[in-house]
Amino acid sequence: MIEIDNVHKHFGTLHVLKGVSLNVKKGEVLSMIGGSGSGKSTMLMCINGLEGIQKGSISVDGIDVHAKATDLNKLRRRIGIVFQQWNAFPHLTVLENVMLAPRKVLGKSKQEAEAIAVQQLGHVGLGEKLRAFPSRLSGGQQQRMAIARALAMSPDYMLFDEVTSALDPQLVGEVLDTLRMLSKEGMTMIVVTHEMRFAREVSDRVAFFCQGQIHELGTPEQIFDSPQKPETADFLRSVL
Amino acid sequence: MAYTFQWRPVLHSLPEMLWGALVTLEIAALAMAIGTVFAILLALAKRSGGKTLSALADIWIETARNTPALFQIYLIYFGLGSFGLRVDSYSALLLGITFNNAGYLAETFRGGFSAVPETQTRAARSLGLGQIRTMWHIVLPQMLRAVFHAMTNQMVWSILMTSLGVVVGLTSDLTGVTQQLNVVTYRTFEYFFVAACLYYLISKIFTISARLLASRLFRY
Amino acid sequence: MFFGASLSWNDILFMLSGAVTTIAITLASVAIGTSLGVLFGLARAGSPWWISWPIGGILDIFRSIPLLIQLVLFNSFNSMFRLHWPTYLVACLCLGIYAAAFCTEIVRSGVTAVPTTTRRAARSLGLTWFQEVVSITLPMATRIVFPSWIGLALGVMKDTALVLWIGIVELLRSSQIVTTRVQEPLLVLSIAGLIYFLMSFPIARLGAQLEKRWRIQ
């Protein structure tokens, strides 16, 4: 379980998160929606400690992410993250991209790591591209590779940060299909997205971010069909 | 044309010249290796050192880049005497080229650091890789590609610069050996022509092997 | 006990006259190198491989052999064929050809960086090949390669130090002569270094600034 309690975050004088509280249960799919600059991506970075926080606490399965004593590298094995910019490692083949962390972080043998990588890459539909370098792949394929790379660590949680925003429109579908598949398999996921139809379809709950706070939180039906706050309604009108 | 070429004595002393070529390679390689270490330190000093450190690095880099290499060798050979240090011509040449290499490579490495985007580090850290492993597996290999070409060029410069040793009296490198033979025989053209061929061969062999290595290393 | 004579104003003047020699040789060599470089560069950029490659291959030889060796060879030509050319001419020619070897590649890269479509557009307006090169390609290419050309010119300036080996008294040699009299090598060499720095650094900075400004545009 991910427990977020009254989190505040500043970038210099900018107050990006103003007291966010939220719990995500095992097996749940939570979507974060909201305008750009509303703090949802920053929230994601704070969950696996890529960004620090100034007040409040975040704990994952009871471990305080931002405590000094916490071994972040160890914690991050359990939290996979996929970025808007897929960040493929250009000097490694697709297979090597996925094998790297299981080998170096989990200490698996070459054979084990390769077996995991082949399985995960097959899972996201890249079984044919194992020996290719990322530069030979389309954006959508690189993004699916990034998902396989995170899954290869067999994480308990997956964070997705606007994973389709940088893609050409015709490539968005293949990546969303991969996310759908994961949600059906019962993966616990937090998805920051601008794809409202997708959010409505896969989410158990939807959180609407506005000015660094969760303005409204509820089931997709509640948020999309009968928003309680005027800001939520305004935002939905602007994107739908 | 009144001049008659005499190649036989030159061919006779070819083994000597080849030994000289080995010394040339040795000095160039040493100067490159030590220069690279200093260049990394200089680049780091400019990137994250304090004001004093960064200013000292600037003095080193700008002197290396804005004065002749021969001047730098002179400064070490003649200048260090003022501190009571006797530097022989071999060390003066080696130190001079090292100083020069470090200054030029420091600028190369500064570019190399920024050639690997911050997002790569972020992605690696998010997979649980520590700082050192991220540096070793993700940042360094990509940096190497960014600086490889400039480094091979610098190595060629390094080889060519060794010829300056003769000006401060070095007799063991290729130019030094050639000059010794020249002083004895006065067959200036023949000896230096053969030396030129050897330098050309060394440069070409090095450049071509570096290119082959690059095509094996950087397949992406 | 012997103390070296102290550095006099005359010594400084002597070194400055050495610096003038350095500048004179630099200007002459850069002029020769640039004219030849433009010629060969245009030839390399605009001709079939059986012209372009030999030119490239021959010029590459000059980039792969130490300049010092080239100077010695040029100088020995002079005496072998009893040409009786002044040493200055030998130095300028040798440095000039050496500079041309680099300048050719600079010019070629500049010309190939001018888009073919731009050149075609100019020709389609009825300009001859020569008119197009003079009024379109060269001005555009000049802008692209000017910073590298500055770098080349400064490189030649530093390389002029080597002509002391064939007996020309330029800045470095003049400071060496002063040193033998004054016996303060560090002081005298530092002054020489400062003069080199003052000749090189401002121009290097200017080049870097132009490069930055032109890249933004």
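This structure is a prediction, so every number in the text was calculated from the model and none was measured.

Undergrad: An account of the overall build of chain B is requested, with residue identities and associated values reported.
TA: Within chain B one finds nine helices and zero strands. Scanning chain B from its N terminus toward the C terminus, one meets helices and strands in the order α-α-α-α-α-α-α-α-α. In chain B, which comprises 220 residues, the share counted as buried stands at 50%. Contacts in chain B between residues at least 24 apart in sequence constitute 76% of all its contacts with a sequence separation of at least 6.

Undergrad: So what's going on with helix 6 (residues 169–184) of chain A? Residues and values would help.
TA: Residues and elements named next belong to chain A. With 16 residues, helix 6 should reach 22 Å at 1.5 Å per residue; the first-to-last C-alpha distance of 24 Å fits that figure. Among all positions in helix 6, only Leu171, Val172, Val175, Leu176, Thr178, Leu179, Arg180, Leu182 and Ser183 are buried. As for helix 6, its buried residues are in contact with strand 3 (29–34), helix 5 (139–151), strand 7 (157–161), strand 8 (188–192) and helix 7 (196–202). Positioned one or two residues after helix 6, Gly186 has a phi angle of 90°, which is positive.

Undergrad: Describe the pairing of strand 10 (residues 213–218) of chain A, with residues and values.
TA: Residue and element names in this part refer to chain A. The pairing of strand 9 (residues 205–210) with strand 10 spans five bridges and is classified as antiparallel. Residue pairing in the sheet places Phe209 in a bridge with Ile214 of strand 10. Taking the residues between adjacent antiparallel strands as the criterion, strand 9 and strand 10 are bridged by two residues, where Gln211 takes a positive phi near 50°.

Undergrad: I'd like to hear about the arrangement of the chains, residue by residue, with values.
TA: Take the two pairs of chains in contact: the one carrying the most contacts is chains B and C. The closest approach of any C-alpha atom in chain A to one in chain C is 25 Å; the two make no contact.

Undergrad: Describe the UniProt feature "transmembrane region" (unreviewed entry) in chain C, listing the residues and the values that go with them.
TA: Residues and elements named next belong to chain C. According to UniProt, the feature "transmembrane region" (unreviewed entry) maps to residues 12–43, 50–73, 85–103, 144–166 and 186–208 in the numbering used here. Taken as a whole, residues 50–73 contains 92% helix and 0% strand, while its terminal C-alpha atoms sit 28 Å from one another. Along residues 186–208, the helical share is 100% and the strand share 0%, with 31 Å between the first and last C-alpha atoms.

Undergrad: Which residues make up a nonpolar patch on the surface, and what values do they have?
TA: On the surface, Leu30(B), Ile34(B), Val37(B), Phe38(B), Ile40(B), Leu41(B) and Leu44(B) cluster together into a nonpolar patch covering about 550 Å² of accessible area. Counting through the fold element by element, Ile40(B) comes out in helix 2 (residues 14–48).

Undergrad: Lay out the interface of chain B and chain A with the relevant residues and their values.
TA: Across the boundary between the two partners, chain B contributes 18 residues, which contact 23 residues of chain A. Looking at the side of chain B facing chain A, the largest losses of area belong to Arg122(B), Leu127(B) and Tyr220(B), adding up to 34% of the total buried there. Counting across the interface, chain B meets chain A through one salt bridge. Residue Glu51(A) is joined to Arg122(B) by a salt bridge in which the shortest nitrogen-to-oxygen separation is 2.9 Å. If you look at where chain B meets chain A, you find six residue pairs in polar contact (both at pLDDT 80 or more). For the side of chain B that touches chain A, the secondary-structure elements that each account for two or more residues are helix 6 (118–126) and helix 7 (131–161) of chain B. Element by element, the count of residues in the side of chain B that touches chain A is highest for helix 6 of chain B, at seven residues. Class assignment for the residues of the side of chain B that touches chain A results in seven nonpolar, seven polar and four charged.

Undergrad: So what's going on with the sheet that holds strand 6 (residues 79–82) of chain A? Which residues, and what values?
TA: Residue and element names in this part refer to chain A. On the basis of which strands lie adjacent, the open sheet formed by six strands has the order 6-7-8-3-9-10 and mixed pairing. One side of each edge strand has no neighbouring strand; the edge strands of this open sheet are strand 6 and strand 10. When the angles between neighbouring strand axes are averaged without regard to direction, this sheet yields 20°. Alignment of strand 3 against strand 9, held across five bridges, turns out to be parallel. Across the sheet, residue Met32 finds its bridge partner in strand 9, namely Ala207. Sheet strands in contact with helix 5 are strand 6 and strand 7, and its direction is about 170° off that of strand 6.

Undergrad: Tell me about helix 5 (residues 89–115) of chain B, and please be specific about residues and values.
TA: Between its first and last C-alpha, helix 5 of chain B extends 39 Å over 27 residues, near the 39 Å set by a 1.5 Å rise per residue. Looking at where helix 5 of chain B begins, the residue whose side-chain oxygen comes 3.0 Å from the main-chain nitrogen of Tyr90(B) is Asp88(B).

Undergrad: Kindly report on the environment of His215(A), identifying the contributing residues and their values.
TA: Residue and element names in this part refer to chain A. The topology assignment puts His215 in strand 10. The class of His215 is buried, set by a relative accessible area of 18%. Separated by 195 residues in sequence, His215 and Val20 place their C-alpha atoms 9.6 Å apart. In this structure, His215 is in contact with Phe208, Cys210, Lys229 and Glu231, ignoring residues within four places of it in sequence.

Undergrad: Tell me about the UniProt feature "domain: ABC transmembrane type-1" (unreviewed entry) in chain B, and please be specific about residues and values.
TA: Taken from the UniProt record, the annotation "domain: ABC transmembrane type-1" (unreviewed entry) applies to residues 21–210 of chain B. Within the segment residues 21–210 of chain B, helix and strand shares are 82% and 0% respectively, and the terminal C-alpha atoms sit 19 Å apart.

Undergrad: Describe the UniProt feature "transmembrane region" (unreviewed entry) in chain B, and please don't skip the residues or the numbers.
TA: Residues and elements named next belong to chain B. The feature "transmembrane region" (unreviewed entry), as given by UniProt, occupies residues 17–44, 155–171 and 191–214 in the numbering adopted here. Between the end C-alpha atoms of residues 17–44 there is a gap of 40 Å, over a span that is 100% helix and 0% strand. For residues 155–171, helix accounts for 41% and strand for 0%, while the C-alpha atoms at its two ends are 22 Å apart.

Undergrad: Would you mind going over the UniProt feature "domain: ABC transmembrane type-1" (unreviewed entry) in chain C in detail, with residue names and values included?
TA: Under the present numbering, the feature "domain: ABC transmembrane type-1" (unreviewed entry) in UniProt falls on residues 19–207 of chain C. Across residues 19–207 of chain C, the secondary structure splits into 85% helix and 0% strand, with the terminal C-alpha atoms separated by 22 Å.

Undergrad: Could you give me a rundown of the pattern of salt bridges, with the residues and numbers involved?
TA: Residue and element names in this part refer to chain C. Under the criterion given, the structure shown has 21 salt bridges over all chains. Residue Asp60 pairs with Arg63 through a salt bridge whose shortest N-O separation is 3.4 Å. With a gap of three residues between them, Asp60 and Arg63 both fall in helix 2 (residues 49–64), about one helical turn apart. Here Asp60 and Arg63 have matching classes, each one buried. For Glu105, the salt bridge goes to Arg108, with nearest N and O atoms at 3.3 Å. Of this pair, Glu105 and Arg108 are both found in helix 4 (residues 87–113), three residues apart, which corresponds to roughly one turn of the helix.

Undergrad: Tell me what's going on with the nonpolar core, and back it up with residues and numbers.
TA: Ranked by size, the top nonpolar core spans 60 residues in total, and within it Leu70(B), Tyr74(B), Leu171(C) and Leu172(C) carry the most contacts. In terms of residues, this core owes the most to one element, helix 4 of chain C, which gives 12 residues. Setting aside its immediate chain neighbours within four residues, Leu172(C) contacts Leu70(B), Phe71(B), Tyr74(B), Ala161(C), Leu164(C), Leu189(C) and Tyr196(C). If you look at the next biggest cluster of nonpolar residues, it comprises 41 residues, including Val10(B), Ala21(B), Val116(B) and Val194(B).

Undergrad: A description of unusual backbone geometry should follow, citing residues and the corresponding values.
TA: Apart from glycine, the bulk of residues carry a negative phi angle, and the bulk of peptide bonds sit in the trans form. Residue and element names in this part refer to chain A. Non-glycine residue Asn6 carries a positive phi angle of around 50°. Take Asn6: it is sitting in strand 1 (residues 2–11). When its relative accessible area of 32% is taken as the criterion, Asn6 is described as partly exposed. Non-glycine residue Asp61 carries a positive phi angle of around 50°. Relative to the helices and strands, Asp61 is located in the loop between strand 4 (55–60) and strand 5 (63–64).

What counts and what doesn't
Residues numbered from 1 in each chain as written. Chains lettered and ligands numbered in written order. Predicted model: local features only at pLDDT ≥ 70, side-chain atom pairs only at ≥ 80, totals over all residues. Heavy atoms only, no water. Helix = DSSP H or I, 4+ residues; strand = E, 2+ residues; numbered from the N terminus. Buried < 20%, exposed > 50% of the residue type's maximum accessible area, 1.4 Å probe, protein only. Contact = heavy atoms within 4.5 Å. Expected span 1.5 Å × (residues − 1). Pairing = 2+ DSSP bridges. UniProt positions renumbered as here; feature names shortened; annotations may be inferred. Patch = residues over 30% accessible without salt bridge, like charges linked within 9 Å, V, L, I, M, F, W, Y side chains within 5 Å. Areas by Shrake-Rupley, 256 points an atom, 1.4 Å probe, with all protein chains shown as cover. Salt bridge = Lys/Arg side-chain N within 4 Å of Asp/Glu carboxyl O. Buried area = accessible area lost by both parts, 1.4 Å probe. Polar contact = N/O pair within 3.5 Å; in protein donor to acceptor, adjacent residues only side chain to side chain. Nonpolar A, V, L, I, M, F, W, Y, C, P; charged D, E, K, R; others polar. Axes fitted to C-alpha atoms, helices over the stretch in contact; angles between N-to-C directions. Core = buried A, V, L, I, M, F, W, Y, C linked by side-chain atoms within 4.5 Å.

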